[in-house]
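# Results of the structural survey
Below, each chain spelled out in residue letters.
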Amino acid sequence: MVYSYRHGFSGFAAMLNSTQASTLASFQGVISVFRSKLLQLHTTRSWDFMGLSLNTQQRIPLQSDYGDDIVVGIFDTGIWPESDSFKEEPGMPPVPASWRGTCVKGDKFEPKKACNRKLVGARYYLNGFEREFGPLDTSGDGEYRSPRDRIGHGTHTASTAAGSTAANASYFGLGLGAARGGAPRARLAVYKVCWFKDLDGKCTEADVLAAFDDALCDGVSVISASLGSSPPLMPFFRTSTDIGSFHAAQVGVTVVFSAGNDGPDPSLVQNVSPWSICVAAGTMDRTFPTRIVLGNNLFFMGEGFVRKEMKMKLVDSIKFFDDGSCSFDKWNHKLATGKIVLCFSSIGQVSSTTAALSVLAANGSGIIFAQTTTEQAATDDYLPSVQVDLSQATQILYYIQSSKDPTVRVLPSRTSIGCSPAPSVAYFSSRGPNSATPNILKPDITAPGVNVLAAWSPKSSPTLLPFDERSVNWNFDSGTSMSCPHVSGIVALVKSVHPTWSPAMIKSSLMTTAYARDTSSDSILAGGTLKPTDAFDMGAGHVDPLRAVDPGLVYDMGARDYVVFLCSLRYTQAQIKSMLLPSPGVDTSCGGDESDLDLNYPAITVSDLSCSTTIRRTLRNVGRITNAVYFASVRSPQGVHAVVWPRLLLFSRRKERITYYVTMIPLKRSQGRYDFGEIVWCDGHHRVRTPLIVHVNTTKDGGSSSSSLGGLQVA
């Protein structure tokens, strides 16, 4: 026996061989048996970038006035409790009476010292990990058998979601400023489910499900989980994160997941359940320009984390690597002592970290790394490195080839804010469409996830490399792991302002108020490409915390709506019941004609439009004005005629919810292509935007390319 799940549902985790598992699955009363899979982690300026400023003259009271009553649960690698991010905010009131959690004692973790009115809970889950990998390695620089964070990832995400305000945070002087979480007055409860293994964090589904079981009993308000598993995606009833997040939705707890770091190829998005929030990663308007001056006084501006000026010889990688690719297996064992090496990502398809470590093996002093403009971002590769685009690198290469003694001077990096258009979707951020349920849009939303500065475990080096002996209290990190806690912090604020809102209402408020334009008022770019984003890159858009608090209208859903959705997937009654917490008030019956198109989701996705199709949605007025009038405007996807009825919604005290219908008619012959539009409801103050994503499929059976509008009647 590994775990007996006590609070949420009847179940257990145990070590079984295949014969035992098959036998157990055949017993009457056993709904499902599935293997515990391994899950991966998805690894200051951001809040100002989103409009939540600490400037006393501009300060929006959201961060200062709300969050005391909210407990944010973090499922990750633990926490470094001594960080300034986890000190009590001034004037923080007592822990909410609804909190039932605790801090568990463990290796170098004493609850009386570690926990306070800020960090109100800390648990750890190890049984699943040890059954998978054997006893935890606690020797030397190994792990802590406690909630203490060995890696830094969990400290970073907790600090981002709900860290207290900490002055003078920086990474070796870069990004200097006041660091804080999205909800700096909210409480934190840490559930350590991921452990240090092979220079990374490993998590098992058995441990994650045990954490869900405890967290919901403890009384968390929000759960932030920056972890997941790459496709192929398993059915919801066979995935611990989907089961746990369904239970959370039933009891009013919003669960926020990261989308994954498998971009920019399509259909690799993870965590696609409609009852949770899935977050893509974007950039912000902070860069780290690094000036490169060649021996002929020609200069270029790259990006990096260079701390000290360097002036030395500049050489092409072909001198030290057989085919010019900066990879260790191509090293010719010549030394690059005292030299900066020019490396190209296009030769050998190497990353900047691989190139830097290969040059380090050759005893080089630094690299200039040529990267495509769509993937360019400063990284700490241990060896000083500067990223430039391919055009700049080509000019540098020409200089090397034409000079008898090429030299270069690299100046220290500096912090620049507001000089580059932002956001763009990060190239690594996993994209849609949803490979499990294609009529549900995923990701849902985008938030900052590139070079986010937050708290770190000083036990862990900033690169996690075993020979990196540096220790930092703050670190830059990138990934949807970083964008996920940004949204978790915003959810905490919205929940604090609107404590009676359901998780679906909160998600709707984030999605319908999101924006799709960057700081230059142009379309947000999709990293990894040179094209504008679409809904599969960024979901409904980039999150806007100020507008999310006052969305005007919301789409709501409850447990019965999700049951109908599961019915549309043709799940059996036993499989559906395996997803739910025992609740006599939830009808689990299926009628046989359910469609996932009618789930009241804040986006409309039709993955197979071959003929005229009508979809319904229901909006609820949550604005301050009860007698509100909203008008619809529609931008139809290319090759589709979309009609909304009614075009006018009249809300009143007696009419808080109104249903509208969208009819979509294909106008073109097409197959294998998605097109994008939107429906916007406006009352003169609020702008409620719903993405419209359609895949016209009119050639699969050789049907006619013509469509008629004659049969459509609009009242």
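Rules used throughout
Each chain carries its own residue numbering, running from 1 in the direction its sequence is written. Only residues with pLDDT of at least 70 get local features here, since the model is predicted, and only at 80 or more are side-chain atom pairs given and counted; chain-wide, interface and lining totals rely on the full set of residues. Side-chain figures throughout are based on the complete set of non-hydrogen atoms in the structure, without hydrogens or water. UniProt positions are given in the numbering used here, feature names are shortened, and annotations may be inferred rather than shown by experiment. Cavities and pockets were defined on a 1 Å grid built over protein atoms only: a cavity is a set of grid points that admits a 1.4 Å probe from which the probe cannot escape, a pocket is an open set flanked by protein on both sides within 12 Å along at least five of seven lines, and lining residues are those with an atom within 4 Å of any such point. Grid points are joined across faces, edges and corners, and a volume is the space filled by probe spheres set on the points. The classification used treats Ala, Val, Leu, Ile, Met, Phe, Trp, Tyr, Cys and Pro as nonpolar, Asp, Glu, Lys and Arg as charged, and all other residues, Gly among them, as polar. Only DSSP runs of H or I with at least four residues qualify as helices, and only runs of E with at least two residues qualify as strands; both kinds are numbered from the N terminus onward. Any two residues having at least one pair of non-hydrogen atoms within 4.5 Å are treated as being in contact. Pairing of aromatic rings covers Phe, Tyr and Trp, the last through its six-membered ring, and needs centres within 6.5 Å; plane angles under 30 degrees mean stacked, over 60 mean edge-to-face, and all others mean tilted. Per-residue accessibility, obtained with a 1.4 Å probe over protein chains only, is compared with the maximum for each type, and a residue is labelled buried under 20%, exposed over 50%, and partly exposed between these values. Over a ring means this: the NZ of a Lys or the CZ of an Arg is within 6 Å of the ring centre and within 35 degrees of the ring normal. Only when DSSP finds a minimum of two bridges between them are two strands counted as paired. Fitted lines through C-alpha atoms give the axes, limited to the stretch in contact for helices. The angle between two N-to-C directions lies from 0 to 180 degrees. Disulfides are defined as cysteine sulfur pairs within 2.5 Å.

- Named according to an unreviewed UniProt entry, the chain is Subtilase family originating from Musa troglodytarum.
- Listed in UniProt under the heading Sequence similarities (unreviewed entry), the comment for the chain reads: "Belongs to the peptidase S8 family."

### Some details on empty space enclosed by the protein
- The space that makes up the largest cavity amounts to roughly 160 Å³.
- Here the lining of the largest cavity is built from residues that sort into six nonpolar, five polar and three charged.

### Quick word on the environment of Gly154
- The topology assignment puts Gly154 in helix 6 (residues 153-162).
- C-alpha of Gly154 to C-alpha of Ala356: the two residues are 202 residues apart in sequence and 26 Å apart in space.
- Dropping the residues within four chain positions of it, Gly154 is found in contact with Ile74, Asp76, Thr77, Gly78 and Asp149.

### As for the packing of aromatic side chains
- One pass over the full model with this rule turns up 28 aromatic pairs.
- Note on Tyr171 and Phe172: the rings are 4.8 Å apart at their centroids and 70° apart in plane angle, and the pair reads as edge-to-face.
- Overall, the relative accessible area of 2% leaves Tyr171 in the buried class.
- Consider the rings of Tyr382 and Phe467, whose centres lie 5.2 Å apart with planes at 75°: the pair is edge-to-face. Taken as a pair, Tyr382 in the loop between strand 20 (366-371) and strand 21 (385-389) and Phe467 in the loop between strand 25 (452-455) and strand 26 (474-477) lie far apart in primary sequence, 85 residues in all.
- With a relative accessible area of 40%, Phe467 lands in the partly exposed category.
- Here the aromatic cluster, defined as three or more aromatic residues joined through ring pairs, consists of Tyr171, Phe172, Phe288, Phe305 and Phe476.
- Sitting over the ring of Phe299, Arg291 keeps its end group 3.9 Å from the ring centre.
- In this structure, Arg307 packs its charged tip against the face of Phe172, placed 3.9 Å from the ring centre.

### Observations regarding the layout of surface pockets
- If you add up the space inside the second largest pocket, you get close to 1,200 Å³.
- If you go around the second largest pocket, you meet 40 residues; those closest to its centre are Phe12, Ala13, Ser32, Val33 and Phe34.
- Every element with two or more residues in the lining of the second largest pocket is listed here: strand 2 (11-13), helix 1 (18-25), helix 5 (127-133), helix 7 (205-218), helix 8 (240-250) and helix 16 (573-579).
- Its residues placed into classes, the lining of the second largest pocket shows 22 nonpolar, 13 polar and five charged.

### As for the environment of Thr23
- In this fold, Thr23 is placed in helix 1.
- By relative accessible area, which is 38% here, Thr23 ends up partly exposed.
- Taking C-alpha positions, Thr23 is 10.0 Å from Val33, a pair spaced ten residues apart along the chain.

### So, the sheet that holds strand 16 (residues 289-294)
- One closed barrel holds the seven strands; their spatial order is 16-17-21-20-19-18-22, and the pairing between them is mixed. Within this sheet the neighbouring strands show an average axis-to-axis angle of 35°, counted without direction.
- Bridge count for strand 19 (residues 339-344) against strand 20 is five bridges, and the pairing is parallel. Each residue of the ladder has a partner; that of Leu342, found in strand 20, is Ile368.
- Taken strand by strand, helix 9 (residues 352-361) contacts strand 19, strand 20 and strand 21, and its axis lies near 150° from that of strand 20.

### Considerations on the UniProt feature "domain: Subtilisin-like protease fibronectin type-III" (unreviewed entry) in the chain
- The feature "domain: Subtilisin-like protease fibronectin type-III" (unreviewed entry), as given by UniProt, occupies residues 598-694 in the numbering adopted here.
- With 0% helix and 60% strand, residues 598-694 has end C-alpha atoms that lie 15 Å from one another.

### Brief notes about the state of the cysteines
- All chains considered together, the criterion is met by four disulfides.
- A sulfur-sulfur separation of 2.0 Å characterises the disulfide bridge that pairs Cys326 with Cys343. When the S-S torsion is -90°, as for the bridge of Cys326 with Cys343, the disulfide is left-handed. Here the residue Cys326 occupies a position in the loop between strand 18 (310-316) and strand 19, and Cys343 occupies one in strand 19, the gap between them amounting to 17 residues.

### Overview of the UniProt feature "active site" (unreviewed entry) in the chain
- According to UniProt, the feature "active site" (unreviewed entry) maps to Asp76, His153 and Ser481 in the numbering used here. Across 406 residues, the annotated set stays spatially compact, with a maximum C-alpha separation of 9.7 Å.
- For Asp76, the location among the structural elements is in strand 4 (residues 71-76).
- Residue classification places Asp76 among the buried residues on the basis of a relative accessible area of 1%.

### Topic: unusual backbone geometry
- Of note, the bond from Gly432 into Pro433 is cis; its omega dihedral lies within 30 degrees of zero at 5°.
- One can find Pro433 in the loop between strand 23 (416-417) and strand 24 (445-448).
- Between Lys442 and the following residue, Pro443, the backbone shows a cis peptide bond with an omega angle of -5°.
- Looking at the secondary structure, you find Pro443 in the loop between strand 23 and strand 24.
- The phi torsion at Asp198 lies on the positive side, around 55°, for a residue other than glycine.
- Residue placement: Asp198 occurs in the loop between strand 9 (194-197) and strand 10 (200-204).
- A relative accessible area of 61% places Asp198 in the exposed class.

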